[in-house]
Amino acid sequence: MSVHLPVLQVIFPLIAAPLCLLVRNPFANWLLATLVSWLTFAIAVLLLLQVLDAGVITYALGNWVAPWGIEYVVDELNAFILVIVSGIGAVVMPYAMRSVSGELPDRQISLFYTMFLLCLSGLLGITITGDAFNVFVFLEISSLSSYALISLGRHRKALHASYQYLITGTIGATFFLIGVGLLYMMTGTLNMKDLASLLKPLSDSRIVLAAFGFIVVGMGLKLAVFPLHLWLPNAYAYAPSVVSVFLAGTATKVSLYVVLRFIFTVFGFEFSFIGQPLGLALLILAISGIITCSLVAIFQIDVKRLLAWSSVAQIGYMLLGLSFATVIGVQASLLHIFNHAIMKTGLFLAMGCVFLRIGSCRLEDLSGIGRQMPWTMAGFTICGLSLIGVPTTAGFVSKWYLVLSAFEKGWWPVALLIVLTSLLAVIYIWKVVEVAWFHEPSDAVKAVSEAPFLMLVPLWIVVGANIWFGFETSGSVDVAAAAAKALVGTVR
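Everything quoted here is computed from the prediction, not taken from an experiment.

By the definition in use, this model includes three salt bridges. With a shortest N-O distance of 3.0 Å, Asp 75 and Arg 261 are connected by a salt bridge. Taken together, the residues Asp 75 in the loop between strand S2 (71-74) and helix H3 (76-103) and Arg 261 in helix H10 (residues 241-266) connect sequence positions 186 residues apart. Here Glu 440 ties to Arg 371 by a salt bridge, and the two come within 3.4 Å at their closest N and O atoms. Here Glu 440 is found in the loop between helix H18 (412-438) and helix H19 (443-446), whereas its partner Arg 371 is found in helix H15 (residues 369-372), with 69 residues between them in sequence.

Moving on, we come to unusual backbone geometry. Each neighbour pair has its own omega, and for Phe 226 with Pro 227 the value is 10°, a cis peptide bond. Secondary-structure assignment places Pro 227 in the loop between helix H8 (206-223) and helix H9 (231-238). If you check the backbone angles, Arg 24 has positive phi at about 55° while not being a glycine. Mapped onto the secondary structure, Arg 24 falls in the loop between helix H1 (5-23) and helix H2 (26-54). Although it is not a glycine, Ala 224 sits at a positive phi angle of roughly 65°.

With that settled, consider the domain arrangement of the protein. Per the domain assignment, the segments of the protein are domain 1 (1-275) and domain 2 (277-492). In this complex, domain 1 contributes 50 residues to the contact, which on the side of domain 2 involves 49 residues. Among the residues of domain 1 in contact with domain 2, Phe 80, Tyr 95 and Phe 226 are the three that bury the most area, contributing 16% of the side total. If you look at where domain 1 meets domain 2, you find zero salt bridges. For the pair domain 1 and domain 2, the number of links is six residue pairs in polar contact (both at pLDDT 80 or more). Of all the secondary structure elements, the ones that give two or more residues to the side of domain 1 that touches domain 2 are H2, H3, H8, H9, H10 and helix H11 (269-274).

About the criteria used
Residues numbered from 1 in each chain as written. Predicted model: local features only at pLDDT ≥ 70, side-chain atom pairs only at ≥ 80, totals over all residues. Heavy atoms only, no water. Salt bridge = Lys/Arg side-chain N within 4 Å of Asp/Glu carboxyl O. Helix = DSSP H or I, 4+ residues; strand = E, 2+ residues; numbered from the N terminus. Domains from an automatic or database assignment. Contact = heavy atoms within 4.5 Å. Buried area = accessible area lost by both parts, 1.4 Å probe. Polar contact = N/O pair within 3.5 Å; in protein donor to acceptor, adjacent residues only side chain to side chain.

Take a look at the structure:
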């Protein structure tokens, strides 16, 4: 059975999705989705341990040997991402039982669990496949299910947000597919490993250069890189709380994984960073996104929108490490992918608890909510400190490595910028903390009780992870270092 773990990682949620639609029993749907989510997480952890112990795992579907058949490949990089995606899915599902029943009508609950499992399967498939066209197939599975999930929001603006994401996501997917098509035209293969070897003598080809541009820009749209980010704030703000949690913790991370996979594995370091000015372009976009979106977040009056704009700024930090084009820079990016996943998941989980109780995430409605929901807002505060990068939290670790990678390049102004922009996060997180803890509660808030236990447990699991990975850094740092060395260690 262990031999088939790579394909089971994708197959389990893919098979469970239509079962939820057929069963149409809310509790049975939740139980099935929860079991499958935790099963995929267990498989991801086993795959990561196997990779760290024995090296890269390959799995040929239908025993068709690559490049003729589709191949699943698990190395340090995507094993790390698989753990992030499946781990967030596993944490979200226990939380979903009360959150979904409180926000969605009964007739939509089975649809939610169906779309959730399809989205999970798509994200895992993107991460594990070694076939370029297969990436597109799973990209569409995850995207189409995401559009449906966002549209389930109770506010009418959720439909607009879903449609906006659909248009932008379709353009991004089309760009990506055009790039893959151009690569296939030049090489006659879709296997990533095969593409990497066949593209080396074609580095001067304009068609290959065009393919590179289409793929990077297409995934930039999916990743919500500034200024291609306009779909993200509305999508996160108006989606159901569980959907905001899951997408914030997984979707952009998988998109960044695809960028890393193509620029390092398929096109190669020399083509991407020496032959093209990719490092400089990423540096400019990263700094612009960090500053601009952090400033925009400060002026938001809805906490979910505030956190959404913050996510675009945090994507800038991930790209910043990548722009250094060094082992420690890529390691810092991977660390921030992991740390941002757990801290932003915790923040959105807390806001989901608040939304369940008062039906709003607007700052003016949160006055004194910390006195009525102390466990919820304490969790929000700790995850907020992690987002800022306070020492002894997970967020500090990745920002520390970003500063180290900037100093390694001799770019001390960039290192200073990382510290100064973290102060912007202090401002917008403090806005929420001040209103929640130091303002007098209104009569409506005084009637509010703490969030259900089943929602608090996942929240505090994530809060604990933010603290744990701030103290015990060896696990996340070592895995990120191994993945970074596998990508660029032989070059730089």
